[in-house]
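Below are the chains, spelled out letter by letter.
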Amino acid sequence: MQTLITTIFFIFGSILGSFYNVVIYRLPRKESVVFGSSHCPNCNTPIKPYDLIPILSYFILKGKCRNCKAAFSFRYALIEFVTGGLFALTYHIFGYSWLTFIGILLASVLIIITAIDIDTMEIYDTFQVILLFIAIAYIPQSGLPIGDHLIGFFIISIPFYIIALLTNGMGGGDIKLIAMGGLLLGWKATLVAFFIASITGGIVAILLVLLKQQGRKSLIAFGPYLCLGIYIAFIYGNSIFDWYIRLFS
Ligand SMILES: [Zn+2]
C-alpha cells in the first residue's frame, strides 16, 4: 500500500513537473502560463495530448518534435523526473501528514526558482512571497519555538547582505531566498542548508575550473545550491545539525 501511494505521488509530481516546465519557459518570456496550449518552440505546431505524457513522451519521441524533428531539451524530462522523485521522497519521509503537503509545495517552488535562476540569473519576488506563505503555514507545525524561525530569517541573510554591500558579489535574490528559507527552517536547519549549498556550489565551481568551463556563468549562480540546501534541510536538517553537534561533545 505504502509503495502504491509513493508511486502515485511520483506520477502526480511528474504531471505537475510538466506544468512547471511551462512556467519555467513562459514566465521569463512574459507569456501566459495558463492560456495557450503547449507548442513546439521551433515550428509552433501544437503538441498533441498523447505526446504530453510526463517523462515517457520525451523518450518515445527520442527528444524530438513529432512534426519538425527539432530537438527538445532533455531538461523537460529531467524536471518532470525530479519533481516526481521529490514528491515521492517527501511522502516517503512524512507519510500522510501536513508536512508532506508543505514539503511538496516547497519542492515545487524550489524547482521553479532553480530552473529560472539558471536561465536568467534572476529569482522573482513572486516566488519569495510564495515561500513566505509556505513558511507561515509550516511554522505552527514545525515543533520549533517561533524564535528559532525568526533567528533563521536573519542568521545567513544578514551576513549575505553585508557581503553584498562590501563586494557586489551577492545577488538580492539569494539574500531574500535564504531569508525566506531560514524563516521556514529555523536557524539550525538554515545553517545546514547554507553548508550544503556552499559545499555543493564549491564542488561544482572547482569542477568547472578543472574542466575549463568557467565561462558558463549560469552554473555559478548560488540560488540553485541554496534551493538544494533548503530542501535537504527541510527533510533532514535538524537531525544533521544534532549529529554534527554530537561529534564535538
Ligand atoms: Zn516542431
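Residues numbered from 1 in each chain as written. Predicted model: local features only at pLDDT ≥ 70, side-chain atom pairs only at ≥ 80, totals over all residues. Heavy atoms only, no water.

### Brief notes about the overall build of the protein
Note the following rule: Helix and strand labels come from DSSP, where a helix needs a run of H or I of at least four residues and a strand needs a run of E of at least two; each type is numbered from the N terminus. All radius of gyration figures rest on C-alpha atoms, and the globule criterion is 2.2 Å times the number of residues raised to 0.38. Exposure categories follow from relative accessible area, calculated using a 1.4 Å probe and restricted to protein chains: below 20% of the type maximum is buried, above 50% is exposed, and the middle band is partly exposed. Every accessible area reported is derived by Shrake-Rupley at a probe size of 1.4 Å, with residue values counting cover from the shown protein chains alone.
The helix and strand inventory of the protein stands at 10 helices and 0 strands. Written out in order from the N terminus, the α and β elements of the protein read α-α-α-α-α-α-α-α-α-α. Its C-alpha atoms give the protein a radius of gyration of 19 Å, near enough to 18 Å, the size a compact globule of 249 residues would have. Taking the principal axes of the C-alpha coordinates as reference, the protein spans close to 60 × 50 × 35 Å. Split into buried and exposed, the 249 residues of the protein put 41% on the buried side. Of the roughly 13800 Å² of accessible surface on the protein, a fraction of 71% belongs to carbon and sulfur atoms.

### Details of the domain arrangement of the protein
Selection criterion: What fixes the domain bounds is an automatic or database domain assignment. In what follows, a contact means two residues having at least one pair of non-hydrogen atoms within 4.5 Å. Computed with a 1.4 Å rolling probe, the buried area is the accessible surface lost when two parts are put together, summed over both parts. Residues adjacent in sequence count toward polar contacts only when both atoms are side-chain atoms; beyond that, a polar contact is any pair of N or O atoms within 3.5 Å, and within protein one must be able to donate a hydrogen and the other to accept it. Only Asp, Glu, Lys and Arg are considered charged in this grouping, and only Ala, Val, Leu, Ile, Met, Phe, Trp, Tyr, Cys and Pro are considered nonpolar; every other residue, Gly among them, is considered polar.
Splitting the protein by domain gives domain 1 (1-96) and domain 2 (123-249). Computed from C-alpha coordinates alone, the two centres of domain 1 and domain 2 are separated by 27 Å. Contacts between domain 1 and domain 2 engage 8 residues on the former and 6 residues on the latter. Buried area between domain 1 and domain 2, both sides added, is near 580 Å², and the carbon and sulfur share of it is 75%. Where domain 1 packs against domain 2, one counts 2 residue pairs in polar contact (both at pLDDT 80 or more). Of the residues in the side of domain 1 that touches domain 2, the class split is 7 nonpolar, 1 polar and no charged.

### Thoughts on the coordination of the zinc ion
Ideal values for angles at a metal depend on the geometry: 109.5 degrees with four tetrahedral donors, 90 or 180 degrees with six octahedral donors. Worth spelling out the cut-off: In this listing, donors mean N, O and S atoms no farther than 2.8 Å from the metal, or 3.2 Å for Na, K and Ca; water is missing from the atoms, so a site can look incomplete. Between 85 and 135 degrees for all angles marks four donors as tetrahedral; over 155 degrees for opposite donors together with 65 to 115 for all other angles marks four donors as square planar and six as octahedral; every other arrangement is irregular.
The coordination sphere of the zinc ion, as far as protein atoms go, consists of Cys 40 (SG), Cys 43 (SG), Cys 65 (SG) and Cys 68 (SG), spread over 2.3 to 2.4 Å. Seen from the zinc ion, its 4 donor atoms lie at angles of 106 to 113°, and the figure they make is tetrahedral. Of the residues examined, Cys 65 reaches a relative accessible area of 5% and is grouped as buried.

### Focus: helix 10 (residues 223-247)
Here is the rule: The span you would expect from a helix comes to 1.5 Å times its residue count less one. Bend angle per residue: angle between axes fitted to the 7 residues ending at that residue and the 7 residues starting there.
For helix 10, which comprises 25 residues, the first-to-last C-alpha distance of 29 Å sits more than 12% below the rise-based estimate of 36 Å (1.5 Å per residue). Where helix 10 bends most, at Tyr 236, the angle is about 80°.

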